[in-house]
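Residue-level listing of the chains:
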Amino acid sequence: MHVEVRDLNKHFGTFHAVKNVSFEIEKGHLIGLLGPSGGGKTSILRMLAGLENPDSGQISFHGQVVNDLPPQERGIGFVFQNYALFKHMTVFDNIAFGLKVKKASKAQIKDRVTELVELTGLKGFESRYPHQLSGGQRQRVAFARALAPEPQLLLLDEPFAAIDAKIRQELRSWLRELIERVGITSIFVTHDQDEAIEVADEIMIINQGRVEQKGTPWDIYKEPKTPFVASFIGESTVISSAAELKGFEAAANKNATRALIRPEYIEIGSEHDFSVLSATETGVVRHLHFRGSEWLVEVEVKGHKLITYRSLEKETLQPGQEVRVLVHRAYLFNDDHSWIEENRLKVDPMPIMI
Ligand SMILES: Nc1ncnc2c1ncn2[C@@H]1O[C@H](COP(=O)(O)OP(=O)(O)OP(=O)(O)O)[C@@H](O)[C@H]1O
Ligand SMILES: [Mg+2]
């Protein structure tokens, strides 16, 4: 279903936890909510589900305002990070729970549970109890249970937080496929940017109760609107002034207050690796982290610690080693906008007009 949220606000006592939050979700889309702890993600989900009342603002499903609808009439499925399965019930009964509440017939329950057990790869586990399942299996039961009453909106609050990295990776692709197959509008909360990037059609970055930015993962990476978003997505370095870097002197005239430099904007090497040496800085390698497929290098330039990657095929660097550092471009921010600035020295000189 199509979801629209307008100017949602929520206070807990005097604390303003959700501030003028507005967004829309297209029917069938999966949107990832990403942001630091305490940002307001769970509070937003709880208001959508009707578990918490907003102080002001409107929530509409299919164009109908639902603010006054009780949770059970909103057509929502909820999956939390801590499974919250009914411990004394079998897998079958856990999945059947919502259908029993809705007073479905025995035959309907059996058909629907059988269908979900297959969909979630739990065939053969129907009569087990939660303690007889692995974390990943339990979480799949939680998904099946949430999907059983055919909700129109699925809210997933860090569903994989308690699961170890390898299984988590598998569950991510599984979830993506499941949601595509079922075609259900979904909101997925995570702390993990890789998870959000991989799973979501769109990402919404929430910080201190506000929506900092919403867009496709690629748009957000490519065009972060605030330094917060830029530093939250991807590994990068934020410095207070780009103007002190060679090739970026012009930034001083544009009142940039901060600059963000992503690892892929930086190249390191020795003198003969660069055709325009005047565009490069001197740097000192501080740390090298082996990443399996490449090195992550921390290099110090004018007191700033910049991060870049280096192919394993290139000569191995040593901590303390002096290198040349070319910063190709930087993301610059001032109070009201952000833009990309290229290193103006790295390009070949303009041809002389005769
Ligand atoms: N029932 C409540 N009473 C008082 N304060 C609350 C309540 N629920 C949430 N808060 C506060 O509101 C803010 C937002 O909380 P919320 O749980 O929405 O954050 P979150 O983004 O989900 O964080 P996390 O990533 O840690 O789960 C926090 O500062 C939290 O302490
Ligand atoms: Mg939360």
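For the structure itself, look to the data block above.
Right, let's walk through the structure included here. (Residues numbered from 1 in each chain as written. Chains lettered and ligands numbered in written order. Predicted model: local features only at pLDDT ≥ 70, side-chain atom pairs only at ≥ 80, totals over all residues. Heavy atoms only, no water.)

Once that is clear, we can look at the side chain of E281. Among the structural elements, E281 can be located in strand 14 (residues 281–290). Given the relative accessible area of 4%, E281 is considered buried. (Helix = DSSP H or I, 4+ residues; strand = E, 2+ residues; numbered from the N terminus. Buried < 20%, exposed > 50% of the residue type's maximum accessible area, 1.4 Å probe, protein only.)

Okay, the sheet that holds strand 16 (residues 304–311) next. What the five strands build is an open sheet, ordered 13-17-14-15-16; its pairing is antiparallel. Two strands close off the open sheet at either side, each with one partner strand: strand 13 (266–269) and strand 16. The average undirected angle you get between the axes of adjacent strands in this sheet is 45°. Where strand 13 lies against strand 17 (residues 322–327), four bridges are found, and the strand directions are antiparallel. (Pairing = 2+ DSSP bridges. Axes fitted to C-alpha atoms, helices over the stretch in contact; angles between N-to-C directions.)

Turning next to the site of ligand 1. Around ligand 1, 13 residues are found, and the nearest of them are S37, G38, K41, T42 and S43. At a separation of 2.9 Å, an oxygen atom of ligand 1 approaches a polar backbone atom of G40. Within the contact set of ligand 1, an oxygen atom lies 2.8 Å away from a side-chain nitrogen or oxygen of T42. Within the complex, 60% of the 630 Å² of free accessible area of ligand 1 lies under protein. Residue assignment for the shell around ligand 1 shows that the elements contributing at least two residues are strand 2 (15–25) and helix 1 (41–49). (Near = heavy atom within 4 Å. Polar contact = N/O pair within 3.5 Å; in protein donor to acceptor, adjacent residues only side chain to side chain. Areas by Shrake-Rupley, 256 points an atom, 1.4 Å probe, with all protein chains shown as cover.)

Applying the stated criterion across every chain yields a total of 23 salt bridges. Between R176 and D201 there is a salt bridge; the shortest N-O distance is 3.5 Å. In this pair, R176 sits in helix 5 (residues 165–182) while D201 sits in the loop between helix 6 (193–199) and strand 9 (202–207), placing the two residues 25 residues apart along the sequence. Its relative accessible area of 16% is what places R176 among the buried residues. With its nearest N and O atoms 3.4 Å apart, the salt bridge here joins K222 to D219. Of the two residues, K222 and D219 both sit in helix 7 (residues 217–222), three residues apart, roughly one turn of that helix. Looking at K222, the relative accessible area reads 30%, which means it is partly exposed. Here the residues in one salt-bridge network are R168, R172, D192, E195 and E198, joined through shared partners. (Salt bridge = Lys/Arg side-chain N within 4 Å of Asp/Glu carboxyl O.)

With that out of the way, let us pick up the pairing of strand 19 (residues 338–342). Two faces, one strand: in a regular strand the side chains alternate between the faces of the sheet. Residue alternation in strand 19 divides its side chains into a buried set, W339 and E341, and an unburied set, S338, I340 and E342. In the sheet, strand 18 (residues 329–333) pairs with strand 19 via five bridges, with the strands oriented antiparallel. Each bridged residue has a counterpart across the sheet, and for R329 the counterpart in strand 19 is E342. A loop of four residues connects strand 18 with strand 19, the two strands running antiparallel in sequence.

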